[in-house]
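Letter by letter, the chains look like this.
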Amino acid sequence: MRSSSRIAISGIGVASPYGVGRECFWEHVRQGRSATRRIDEFDPAPYACQVAAPLPPLSIDQAPRLDAHPALDSEDGDDILRERADAKRYSRASLAGVIAAREAWHDAGLRRGEPGAGVIIGTGGGGIELGEKQYREFFTDGLKRVTPYAIPISICGMLSSEISIALQLHGISHVLSTGCTSSTDATGYALGLLRSGDADVLLCGGVDACVTPGMIYGFSRMRVVSTAFNDTPATASRPFDSTRDGFVLGEGAWMYVLEREDRARARGAHVYATIDGYGSTCDAYHRVQMDPEGQQIIRAMRMALDRAGRAPEDVGYVNFHGTSTQLNDAIEIRSVRAVFGAQADRMCGSSTKSMVGHPQGASGACGIVTTALGLDRSFLPPTINVTQLDPACDMDVLPNTGRAVEVEAALCNCLGFGSKNSAVVLGRAH
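Residues numbered from 1 in each chain as written. Predicted model: local features only at pLDDT ≥ 70, side-chain atom pairs only at ≥ 80, totals over all residues. Heavy atoms only, no water.

Digging into helix α7 (residues 213-222)
- Looking only at α7, the buried set comprises Met215, Ile216, Phe219 and Ser220. Seen from one end, α7 has its buried residues packed into an arc of 130°, which puts them on one side.
- At the exit of α7 stands Arg223, carrying a positive phi of roughly 60°. (Buried < 20%, exposed > 50% of the residue type's maximum accessible area, 1.4 Å probe, protein only. Helix = DSSP H or I, 4+ residues; strand = E, 2+ residues; numbered from the N terminus. Arc of directions from axis to C-beta.)

Thoughts on unusual backbone geometry
- Positioned with a positive phi, Ser324 is a non-glycine residue whose angle comes to about 90°.
- When you line up the elements, Ser324 lands in the loop between β10 (315-319) and α10 (326-340).
- One non-glycine residue with positive phi stands out, namely Leu398, at about 50°.
- With respect to the helices and strands, the residue Leu398 is situated in the loop between β12 (379-380) and β13 (403-404).
- Using a relative accessible area of 0% as the deciding quantity, one classes Leu398 as buried.

Examining the pairing of β10
- Counting buried positions over the five residues of β10 gives five, a clear majority of the element.
- Looking at chain direction, β10 and strand β14 (residues 409-416) are connected through four bridges and run parallel. Following the sheet pairing, Tyr317 is matched in β14 by Ala410.
- As judged from the three bridges shared by β10 and strand β11 (residues 348-350), these two strands associate in the parallel manner. Across the sheet, Tyr317 pairs through a bridge with Cys348, a residue of β11.
- Each parallel crossover has a hand, and the one from β10 via α10 to β11 is right-handed. (Pairing = 2+ DSSP bridges. Right-handed = clockwise from strand over helix to strand, strands pointing away.)

Points about the nonpolar core
- By size, the foremost hydrophobic cluster in this structure holds 48 residues, and its most contacted members are Ile9, Ile12, Phe25, Tyr256, Leu258 and Leu426.
- For this core, the element with the most residues is helix α12 (residues 363-377), which contributes seven residues.
- Core analysis: the next-biggest nonpolar cluster, separate from the first, contains 33 residues, Ala93, Ala100, Ala209 and Ala253 among them. (Core = buried A, V, L, I, M, F, W, Y, C linked by side-chain atoms within 4.5 Å.)

Notes on α10
- The terminal C-alpha atoms of α10 lie 22 Å apart, and with 15 residues this matches the ideal 21 Å at 1.5 Å per residue to within 8%.
- Considered for burial, the residues of α10 that qualify are Asp329, Ala330, Ile331, Glu332, Ile333, Ser335, Val336, Val339 and Phe340.
- The secondary structure elements touched by the buried residues of α10 are α9 (295-308), β10 and β14.
- Gly341 sits one or two residues past α10 and shows a positive phi near 55°. (Expected span 1.5 Å × (residues − 1). Contact = heavy atoms within 4.5 Å.)

Observations regarding the pattern of salt bridges
- Here the structure, examined in full by the defined rule, presents 23 salt bridges.
- One salt bridge in this structure joins Glu114 and Arg263, with 3.7 Å as the shortest N-O distance. Of this pair, Glu114 sits in the loop between α3 (92-107) and β5 (117-122) while Arg263 sits in helix α8 (residues 261-267); the two residues are 149 residues apart in sequence, bridging distant segments of the chain. In this structure, Glu114 and Arg263 share a single accessibility class: buried.
- Between Arg337 and Asp394 there is a salt bridge, with its nearest N and O atoms 3.3 Å apart. In this pair, Arg337 is assigned in helix α10 and Asp394 in the loop between β12 and β13, connecting sequence segments 57 residues apart. (Salt bridge = Lys/Arg side-chain N within 4 Å of Asp/Glu carboxyl O.)

This is the structure in structure tokens:
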């Protein structure tokens, strides 16, 4: 692969359960701090699961100011005052996405109205929390309480538009919603557009804000979320541990700027890592269960490695999907071993979800940001809450303590409802 064809991550922005900012996020995951707590946004007492890792209260003022590009046909400057006035019309997902997007754009040294730039992001639920609220008001308080903005600020497809408006980008503005793999698939889509020359620079990533009464109740009914650690929330998400009993619902926005590496370096931008390959398959097996054989998970990883021009021996780290469910964790480890063979005993991996929960459609982007920062800073964050490693999960999952180490390439796994499997290979920037 020619150097000029490598796709670089040249800017990162985050709004996570820890707060706003990539450095805030990185410091917490580097030290292995749990973001899981008892839900206080609503009374969780009626539900079997009473813990989550939700976003804190956010304000548009937390987004950095951006200069306007000379090509922008606007004399209004950075319309931060207008955005502050409109913040009440954002869903929680939209607000998190805009804040993280503006940080990533600022970090990359780009300006509002950048020519040839677009947005491709992934989400599972979009503005679902606002939709739930509007339904409650419709059925309890009557028609007049429903905002005229209910539809446009709650649907998934509006999220990329909100970011395009905030950054004044006139290129492609798309949302992928493929469940838990949404933001990984958005990254794969962006990778193809950049390599083909159909886009110069793309804001990519994922956002979800699904800690709502309906979602907590629904996942509790499915028996896929943790219910055994309501009294000790910080220990509830425990991938690969023998006592794991389900995932913890998380929230957040993880955004990154993607562009050709030669373009980024010519601008003097910092290159965190490169996106080298993407693969995606479907088990075609079940709505919510993974195929125990893991054949399509294996094929997605091999596809990503092949398209990246990487051999299994090149990869030193895996950012596991690692949800903290009994079957999925074991199937994923078994599938990784099938792909990497003897290399699986020499490499390490971790699950960021042990710290921030499962942010649904944003989980792939969360893993990509974690891995990119880890490659850039030669430190791989841990999997926390591992008290007794499940024998079925027999790999070095960096239990409870991260590790200072340089690796040349890493793989990010993302698996989801509907039998979907996606993987991305990242390379170390030089």
